[in-house]
Amino acid sequence: MADFLELAARRQSCRVFSDLPVEHEKLVKCVEAARLAPSACNSQPWKFVVVEKPELVTEVAKCTNQLGINANLSKAKAFVVILEDHAKLMSKLAALVDSQTHAKGDLGGAALSLCLEAESLGLGACMVGLFDRPKLSELLDLPADQRYFLVVAVGYPATPKVRNKDRKPLEDIVRFV
Ligand SMILES: Cc1cc2nc3c(=O)[nH]c(=O)nc-3n(C[C@H](O)[C@H](O)[C@H](O)COP(=O)(O)O)c2cc1C
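Residues numbered from 1 in each chain as written. Predicted model: local features only at pLDDT ≥ 70, side-chain atom pairs only at ≥ 80, totals over all residues.

1. Structural notes on the overall build of the chain
Rules: What counts as a helix is a DSSP run of H or I of at least four residues, what counts as a strand is a run of E of at least two, and both are numbered from the N terminus. Remark: C-beta atoms are placed from the backbone, and a residue is labelled buried if 20 or more other C-beta atoms sit within 10 Å of its own, exposed if 12 or fewer do, or partly exposed between those counts. We call two residues in contact when the distance between their C-beta atoms, placed using the backbone, is within 7 Å.
In terms of helices and strands, the chain carries 7 helices and 4 strands. Ordered by position from the N terminus, the helices and strands of the chain form the series α-α-β-α-β-α-α-β-α-β-α. Overall, the C-alpha framework of the chain stretches about 50 × 45 × 35 Å when taken along its three principal axes. Within the chain, the fraction of its 177 residues that count as buried is 29%. A sequence separation of at least 24 residues applies to 82% of the contacts in the chain between residues at least 6 apart.

What follows is the structure, given as structure tokens:
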């Protein structure tokens, strides 16, 4: 079994994709990994739309092309659109906090599981927070007030090169007491 830290270090936002198509089965595995993620009260406040039909993939790529950013995602072969769903919390907790209090954290975990699974399958993925939400709702036949979390672009990386991680040093962010 691969070492988890190695997988975490290898995962990177892939923004340059090859022309290879992505197998449907691999996309199923990616959303399965997301489905298994933990969530507050096991509320699972998520839904996923896997976009794999080439015509629709092209249109979703256009939605992510905002402010001159994400233009290179036009070569992604699939997108997983992560929707924020209503989080049903335990009634005791629901009495104390807003139902969506933990939803973003839950969704972040699911999104990362999806990306790590993509990495383990040899795919590249990039979480995309900048996209045209109304246009995406129109394309995917979703309500205009749909709550989105992220779109994840998926494809085979054009290069196997793993970039150096640009992260704050451990000693700056951790205190062992
Ligand atoms: C919530 C979120 C939104 C992001 N949105 C974008 C985006 O719109 N376009 C993009 O190219 N990368 C986006 N990223 C990727 C980050 O830029 C990237 O994760 C960060 O620079 C660290 O690099 P790494 O993922 O290669 O380790 C996003 C990441 C997250 C977590």
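2. Some words on the site of the ligand
The line we're drawing: By convention here, the C-beta atom is placed from the backbone, and a residue is near a molecule or strand when that atom is within 6 Å of it. Residue classes follow a fixed rule: Ala, Val, Leu, Ile, Met, Phe, Trp, Tyr, Cys and Pro count as nonpolar, while Asp, Glu, Lys and Arg count as charged, and any other residue, Gly among them, counts as polar.
Residues in close proximity to the ligand include Gln12, Ser13, Arg15, Ile69, Asn70, Cys126, Met127, Val128, Gly129, Leu130, Leu150 and Lys165, which together make up its full environment. Classifying every residue of the shell around the ligand by side-chain character gives 6 nonpolar, 4 polar and 2 charged.

3. Quick notes on the nonpolar core
Test applied: Note on definitions: a nonpolar core is a set of buried residues drawn from Ala, Val, Leu, Ile, Met, Phe, Trp, Tyr and Cys, linked by C-beta atoms within 7 Å.
Grouped together as the largest cluster of nonpolar side chains are 42 residues, with contacts concentrated most on Phe79, Ile82, Ala111, Leu114, Val152, Ala153 and Val154. Those elements that place two or more of their residues in this core are α2 (24-35), β1 (46-51), α3 (54-64), β2 (78-84), α5 (103-120), β3 (124-128) and β4 (148-155). Considering every element that reaches this core, the biggest residue donor is α5, with 7 residues. In this view, valine 154 contacts Val22, Leu27, Cys30, Ala76, Lys77, Ala78, Phe79, Val80, Ala118, Leu123 and Ala125; residues no more than four positions away in its chain are not counted.

4. What about the sheet that holds β1?
We count it as follows: Note on pairing: DSSP must find at least two bridges between two strands before they are called paired. Only the contacting stretch of a helix is used when fitting its axis, a line to C-alpha atoms as for every element, and angles between N-to-C directions run 0 to 180 degrees.
Within the open sheet, the 4 strands sit side by side as β1-β2-β4-β3. Their pairing is antiparallel. Looking at which strands have only one partner, the edges of the open sheet turn out to be β1 and β3. Sheet twist, expressed as the average angle between the axes of neighbouring strands with direction ignored, equals 20°. Sheet topology note: the β3/β4 ladder contains 5 bridges and is antiparallel. In the strand pairing of β4, valine 128 is matched with valine 151.

5. Notes on unusual backbone geometry
A positive phi is found at cysteine 41, a non-glycine position, where the angle reads about 55°. By the secondary structure assignment, cysteine 41 is in the loop between α2 and β1. For aspartate 141, which is not glycine, the phi dihedral falls at a positive 60°. Tracing the backbone shows aspartate 141 in the loop between α6 (133-140) and β4.

6. Brief notes about the packing of α2 against α5
Convention followed: Two helices crossing with the near one rotated counterclockwise from the far one by less than a right angle form a left-handed crossing, whereas a clockwise rotation gives a right-handed crossing.
In contact at an axis separation of 7 Å, α2 and α5 are set at 145° when each is read in the N-to-C sense. Here α2 runs over α5; the crossing is right-handed. Contacts between α2 and α5 involve Lys29, Cys30, Val31, Ala33 and Ala34 from the first element and Ala110, Ala111, Ser113, Leu114, Leu116, Glu117 and Ala118 from the second. A per-class count over the contact of α2 with α5 returns 9 nonpolar, 1 polar and 2 charged.

7. Considering the environment of alanine 33
Within the secondary structure layout, alanine 33 lies in helix α2. Under the C-beta neighbour-count criterion, alanine 33 is labelled partly exposed, with 19 such atoms within 10 Å. With 81 residues separating them along the chain, alanine 33 and leucine 114 place their C-alpha atoms 5.5 Å apart. Residues in contact with alanine 33, not counting those within four places in the same chain, are Ser113, Leu114, Leu116 and Glu117.

Nothing here speaks to function; it is geometry throughout.
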